[in-house]
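# Understanding the architecture of this molecule
Chain by chain, the residues:
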Amino acid sequence: MKIGFFDSGIGGLSVLHHAMKILPEEEFIFFADEDNVPYGTKPREEVLALVESAFEFLVAQEVGAIVVACNTATSVAVRLMRAKYSLPIVGMEPAIKLALDLFPARKVLVTATEITITGEKIQALIDRVHAREFAELKALSELVEFAERMEFNSPAVEKYLRAEFAAYDFSEFSSVVLGCTHFNYFKDTMRKILPPHVKLLDGNAGTLNYLIKLAGLQTSPVKKIPRVEYFYSGRRVTSEKELAQLEKYLRRLDEMYEVS
Ligand code: DGL
């Protein structure tokens, strides 16, 4: 099946990277809205309009399913997109349920963009998984800009994260939930700063399991690089320079894959 993966930028590549490993027999279209990233600090109506045009583009490519590999776009628009289109649409969900399943009754620091943190969807999730007493929310919007600049583990990234995490007593927390797909590029720096017992949890496996179920796909152990077409805001990525950059992001994700 041809599956569309969509993000405001390069964060969604982390979900696609995982999909390429477990679903090598499928075909993928990756749409990064590079002309409009970041979404997380924009007004919600503006993000909704951008998601609508990305969906129009992907549906015109005759994809059989769409993964909204962006927590921010999921928060703003996934319900509306499901009402508008009949194909399987899978969004991101910050891994709060996973955190509480693994570490019952322990505090969880949920990191995401401004829009996700302040949206109704995350409040509904917190209620649904009975996390009211345990989930603390923290926006780390600048990580999106760092990721887009390919600045993954510089002193500036470390300084930013140390400052943002300084207010928390991590002896009380079991885990940090990465509720933005761009944050997957920073697992090593977070690991360096956080105490060893604090686990880093992303929503990639959960999203892909749901995709597999909803679209009736089969995982495969075959080692094969699937066909992927890359688009930046509707423009096909063909230049050697941009393809080499995408390759560099994928290699970074290889390095971060096992970090938890
Ligand atoms: N990657 C997106 C997410 O998962 C958001 C990044 C942005 O602010 O554009 O929320």
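The following paragraphs examine the structure supplied in this document. (Residues numbered from 1 in each chain as written. Predicted model: local features only at pLDDT ≥ 70, side-chain atom pairs only at ≥ 80, totals over all residues. Heavy atoms only, no water.)

### Some words on the overall build of the protein
When you go through the protein residue by residue, the secondary structure sums to eleven helices and ten strands. Radius of gyration (C-alpha) of the protein: 17 Å, near the 18 Å computed for a compact globule of 260 residues. Each of the three principal axes of the protein carries a C-alpha extent, and together these read 50 × 40 × 40 Å. Considering the protein as a whole, with its 260 residues, one finds that 57% of them fall into the buried category. Long-range pairs, those at least 24 residues apart, make up 78% of the contacts in the protein with a sequence separation of at least 6. With 31 positive and 36 negative side-chain charges, the protein shows a spacing of 3 Å between the two charge centroids. (Helix = DSSP H or I, 4+ residues; strand = E, 2+ residues; numbered from the N terminus. Rg over C-alpha atoms; globule rule 2.2 N^0.38 Å. Buried < 20%, exposed > 50% of the residue type's maximum accessible area, 1.4 Å probe, protein only. Contact = heavy atoms within 4.5 Å. Lys, Arg positive; Asp, Glu negative; His and termini not counted. Charge placed at Lys NZ, Arg CZ, Asp CG, Glu CD.)

### Digging into the pattern of salt bridges
Here the structure, examined in full by the defined rule, presents 19 salt bridges. Here Lys187 and Asp202 are joined by a salt bridge, their closest N and O atoms 2.9 Å apart. On the criterion of sequence distance, the pair formed by Lys187 in helix α9 (residues 187–193) and Asp202 in strand β8 (residues 199–202) is long-range, its members being 15 residues apart. Salt bridges sharing common partners tie together Lys21, Glu247, Arg251 and Asp254. (Salt bridge = Lys/Arg side-chain N within 4 Å of Asp/Glu carboxyl O.)

### Re the site of the ligand
Ser8, Tyr39, Gly40, Thr72 and His182 are the nearest of the 14 residues found near the ligand. Gly40 has a polar backbone atom sitting 2.8 Å from an oxygen atom of the ligand. Between Asn71 and the ligand, the recorded distance is 2.8 Å, taken from a backbone N or O atom to an oxygen atom. Starting from 300 Å² of accessible surface for the ligand in isolation, the protein chains cover 99%. With respect to the detected pockets, the ligand is housed in the largest cavity. The class makeup of the residues in the shell around the ligand is six nonpolar, seven polar and one charged. (Near = heavy atom within 4 Å. Polar contact = N/O pair within 3.5 Å; in protein donor to acceptor, adjacent residues only side chain to side chain. Areas by Shrake-Rupley, 256 points an atom, 1.4 Å probe, with all protein chains shown as cover. 1 Å grid on protein atoms, 1.4 Å probe; cavity = no way out; pocket = protein on both sides within 12 Å on 5 of 7 lines; lining within 4 Å. Sits in = over half its atoms within 2 Å of the grid points. Nonpolar A, V, L, I, M, F, W, Y, C, P; charged D, E, K, R; others polar.)

### Observations regarding the packing of aromatic side chains
One pass over the full model with this rule turns up 16 aromatic pairs. With a centroid separation of 5.9 Å and an interplanar angle of 50°, the aromatic rings of Tyr168 and Phe170 are classed as tilted. You'll find Tyr168 and Phe170 in the same group, each marked buried. Through pairs of rings, three or more aromatic residues link up here, namely Phe6, Phe31, Tyr39, Phe55, Phe57, Tyr85 and Phe231. The ring of Tyr257 carries the charged tip of Lys21 above its face, separated from the ring centre by 5.0 Å. (Phe/Tyr/Trp six-rings, centres within 6.5 Å; stacked < 30°, edge-to-face > 60°. Lys NZ or Arg CZ within 6 Å of the ring centre and 35° of its normal.)

### Topic: unusual backbone geometry
Put simply, Val37 and Pro38 share a cis peptide bond, and its omega is 5°. The residue Pro38 is located in the loop between β2 (27–32) and α2 (44–60) in this model. Backbone geometry at Glu62 places phi at a positive 60°, although glycine is not the residue there. Looking at the secondary structure, you find Glu62 in the loop between α2 and β3 (65–68). Overall, Glu62 belongs to the exposed group, its relative accessible area being 68%. Residues other than glycine seldom take positive phi values, yet Ser233 does so here, at roughly 50°.

### Considerations on the packing of α2 against helix α3 (residues 71–84)
Interaxial distance between α2 and α3 falls to 9 Å at its minimum, and their mutual angle equals 50°. One element, α2, and the other, α3, form an angle in the oblique class. Crossing handedness for the pair α2 and α3: right-handed. Residues Arg44, Val47, Leu48, Val51, Glu52, Phe55 and Glu56 of α2 form the contact with α3, whose own contacting residues are Ala73, Ser75, Val76, Ala77, Leu80, Met81 and Lys84. (Axes fitted to C-alpha atoms, helices over the stretch in contact; angles between N-to-C directions. Parallel < 35°, antiparallel > 145°, perpendicular 65-115°, else oblique. Left-handed = near helix turned anticlockwise from the far one by under 90°.)

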